[in-house]
Amino acid sequence: MHTMTINVQDTVYERFLKFLQKEEIPIIKDVRDENLKYDPYFYERKAQIEKTIKAVDDGSMPMYDFNESMDSLIADLEK
């Protein structure tokens, strides 16, 4: 048995399933990516977050102390 992944547009998904049934092509498992159901940009966001984490870890993106930043902001506002 072989496993195949096919991307089917939402607009033709039902027609595609009917075609498979009509041609008597057995579908063992209908796997839908739950991540994309709730957030169509899940993988793009995940890649960006991983890129940000890597930048923070390797030091190319500096992290600032929240309390120091707020103290500086308040001092600037009080002037």
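Above this text sits the structure in question.
As the structure is a computational prediction, the values presented were derived from the model and not from experiment. Position numbers for residues start from 1 in each chain and track the written sequence from start to end. Two thresholds apply to this predicted model, a pLDDT of at least 70 for residue-level local features and 80 or more for giving and counting side-chain atom pairs, whereas whole-chain, interface and lining totals are computed over all residues. To get the side-chain values, take all heavy atoms of the structure and skip hydrogens and water.

### A short note on the overall build of the protein
Line of reasoning, step 1. Helix and strand definitions follow DSSP, with helices as H or I runs of at least four residues and strands as E runs of at least two, each counted in order from the N terminus. For the protein, the helix and strand inventory stands at four helices and zero strands.
Line of reasoning, step 2. Ordered by position from N to C terminus, the α and β elements of the protein give α-α-α-α.
Line of reasoning, step 3. Here the open area of atoms and residues is found with the Shrake-Rupley method and a 1.4 Å probe, where only the protein chains shown may cover a residue. About 8,100 Å² of surface is accessible on the protein, with carbon and sulfur atoms providing 56% of the total.

### A few points about helix α1 (residues 13-22)
Line of reasoning, step 1. Relative accessibility under 20% of the residue-type maximum defines a buried residue, over 50% an exposed one, and the middle range a partly exposed one, all with a 1.4 Å probe and only protein chains included. Of the positions making up α1, those classed as buried are Tyr13, Leu17 and Leu20. On an axial view of α1, the arc spanned by its buried residues comes to 60°, and they lie on one face. Every exposed residue of α1 that faces more than 90 degrees away from the buried side is listed here: Arg15, Lys18 and Lys22.
Line of reasoning, step 2. Positive backbone phi, at 55°, marks Glu24, one or two positions downstream of α1. By arc we mean the arc of the directions from the helix axis to the C-beta atoms, nothing more.

### Side note on helix α3 (residues 42-58)
It helps to recall that an α-helix has 3.6 residues per turn; residues three or four apart then point in one direction.
Line of reasoning, step 1. For α3, spanning 17 residues, the distance from its first C-alpha to its last is 24 Å, which sits close to the expected 24 Å at 1.5 Å a residue.
Line of reasoning, step 2. Downstream of α3 by a residue or two, Gly59 has a phi angle that is positive, lying close to 90°. Helix span, expected: 1.5 Å multiplied by one less than the number of residues in the helix.

### Some thoughts on the side chain of Asp39
Line of reasoning, step 1. The residue Asp39 is located in the loop between α2 (34-38) and α3 in this model.
Line of reasoning, step 2. Its relative accessible area of 18% is what places Asp39 among the buried residues.
Line of reasoning, step 3. The definition of a polar contact used here is a pair of N or O atoms within 3.5 Å, where within protein one atom must be able to donate a hydrogen and the other to accept one, and adjacent residues in sequence count solely through side-chain atom pairs. Reaching out from Asp39, the side chain makes a polar contact with the side chain of Arg45 at a distance of 2.9 Å.

### A few points about a nonpolar patch on the surface
Line of reasoning, step 1. Patch membership requires more than 30% relative accessible area and the absence of a salt bridge. Residues of like charge join within 9 Å; the nonpolar side chains Val, Leu, Ile, Met, Phe, Trp and Tyr join within 5 Å. Salt bridge, as used here: a side-chain nitrogen of Lys or Arg that lies within 4 Å of a carboxyl oxygen of Asp or Glu. Side chains of Phe66, Met70, Leu73, Ile74 and Leu77 sit close together on the surface and give an oily, nonpolar patch of about 510 Å² of accessible area.
Line of reasoning, step 2. Within the secondary structure, Leu73 is located in helix α4 (residues 66-78).

### Describing the packing of aromatic side chains
Line of reasoning, step 1. Classification of ring pairs uses Phe, Tyr and Trp, with its six-membered ring standing for Trp, and accepts pairs whose centres are within 6.5 Å; under 30 degrees between planes counts as stacked, over 60 as edge-to-face, and the remaining range as tilted. Enumeration according to the criterion identifies one aromatic pair in this entry.
Line of reasoning, step 2. Relative to Tyr43, the ring of Phe42 lies with its centre 4.9 Å away and its plane at 85°, an arrangement referred to as edge-to-face.
Line of reasoning, step 3. Judged by relative accessible area, Phe42 falls into the partly exposed class, the value being 25%.

### Side note on the pattern of salt bridges
Line of reasoning, step 1. Tallying each qualifying case throughout the model produces two salt bridges.
Line of reasoning, step 2. Put simply, Arg45 and Asp39 hold a salt bridge, and the shortest N to O gap is 2.9 Å.

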